[in-house]
Amino acid sequence: RAPKQLSFHDHRMRSGRGGPRPGAGRPRASANPPVHHVRRPPVPRDCPSHVTLRLRNGLPALRTRGFLRELRASLRLACERRGFRVVHYSVQRNHLHLLVESAGKEALGRGMKAISARVARAVQRSFGLSGPVLHGRYHLRILRTPREVRNALAYVLLNARKHWRERHG
């Protein structure tokens, strides 16, 4: 076999010195990284949105009577904002699903800022905690078609069944 000139990349791959390897590089901080600060898409006035708020690891489960009582009172006050309202919500063990309506991107941002702060304070009050509660920003999905709205509504309202099945099997 005639010798063949290798490129530097080929040499690194064959020699085992350097180059991409399975498991190489900086380890991920989390298997579930937070939502990063990226520019949000424009939000049409007539489209509802599906929002997910995740809580940090190590907090107690949210599905307790004390927390739900605090959350209901907080959501009632937060929904009195002009241009923003929570239509449906679902509380899971470590996250919340919200179907919201807003009068544009600014109203959605302000409303979610208020909701996030109220959820964090409700967690702190009901469990006697202090410090950060939410895991990053909220995840947003704009629902543009009636089919997406129907699917999101079914997902939010039936999500507890799915999580229960995953745990109890």
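Located above this text is the structure these notes cover.
Keep in mind the model is a prediction, meaning the values are calculated, not measured.

A. Local environment of the overall build of the chain. Each helix and strand counted, the chain has four helices and four strands in total. Secondary structure elements in the chain, listed N-terminal to C-terminal, are α-β-α-β-β-α-β-α. Taken over the C-alpha trace, the chain has a radius of gyration of 22 Å; the compact-globule value for 169 residues is 15 Å, which it surpasses by more than 25%. Taking the principal axes of its C-alpha atoms as reference, the chain extends roughly 80 × 40 × 35 Å. Burial analysis of the chain (169 residues in total) assigns 31% to the buried set. Put simply, 74% of the contacts in the chain that link residues at least 6 apart link residues at least 24 apart. The average position of the 37 basic charges and that of the 8 acidic charges among the side chains of the chain differ by 8 Å.

B. The sheet that holds strand β4 (residues 139-142), seen in detail. Pairing in this open sheet of four strands is antiparallel, and the strands run β2-β3-β1-β4 from one edge to the other. Of all the strands in the sheet, just β2 (84-91) and β4 have a single pairing partner and so form its edges. Averaged over all pairs of adjacent strands, the angle between strand axes in this sheet comes to 20 degrees, irrespective of strand direction. As defined by bridge partners, strand β1 (residues 49-54) adjoins strand β3 (residues 95-102) across six bridges and the pair is classed as antiparallel. Paired with Leu53 across the bridge in β3 is Leu96. The sheet contacts of helix α2 (residues 65-78) involve β2 and β3, and relative to β2 the element is tilted by about 165 degrees.

C. Broad picture of the nonpolar core. By size, the foremost hydrophobic cluster in this structure holds 28 residues, and its most contacted members are Leu53, Leu96, Leu98, Met112, Ile115 and Val119. Within the residue set of this core, elements represented by two or more residues are β1, α2, β2, β3, α3 (105-127) and β4. In terms of residue count, α3 provides more of this core than any other element does, seven residues in total. Non-local contacts of Val119, meaning those with residues more than four positions away in its chain, are made with Leu53, Phe67, Leu71, Leu96 and Leu134.

Definitions and limits used
- Residues numbered from 1 in each chain as written.
- Predicted model: local features only at pLDDT ≥ 70, side-chain atom pairs only at ≥ 80, totals over all residues.
- Heavy atoms only, no water.
- Helix = DSSP H or I, 4+ residues; strand = E, 2+ residues; numbered from the N terminus.
- Rg over C-alpha atoms; globule rule 2.2 N^0.38 Å.
- Buried < 20%, exposed > 50% of the residue type's maximum accessible area, 1.4 Å probe, protein only.
- Contact = heavy atoms within 4.5 Å.
- Lys, Arg positive; Asp, Glu negative; His and termini not counted.
- Charge placed at Lys NZ, Arg CZ, Asp CG, Glu CD.
- Pairing = 2+ DSSP bridges.
- Axes fitted to C-alpha atoms, helices over the stretch in contact; angles between N-to-C directions.
- Core = buried A, V, L, I, M, F, W, Y, C linked by side-chain atoms within 4.5 Å.

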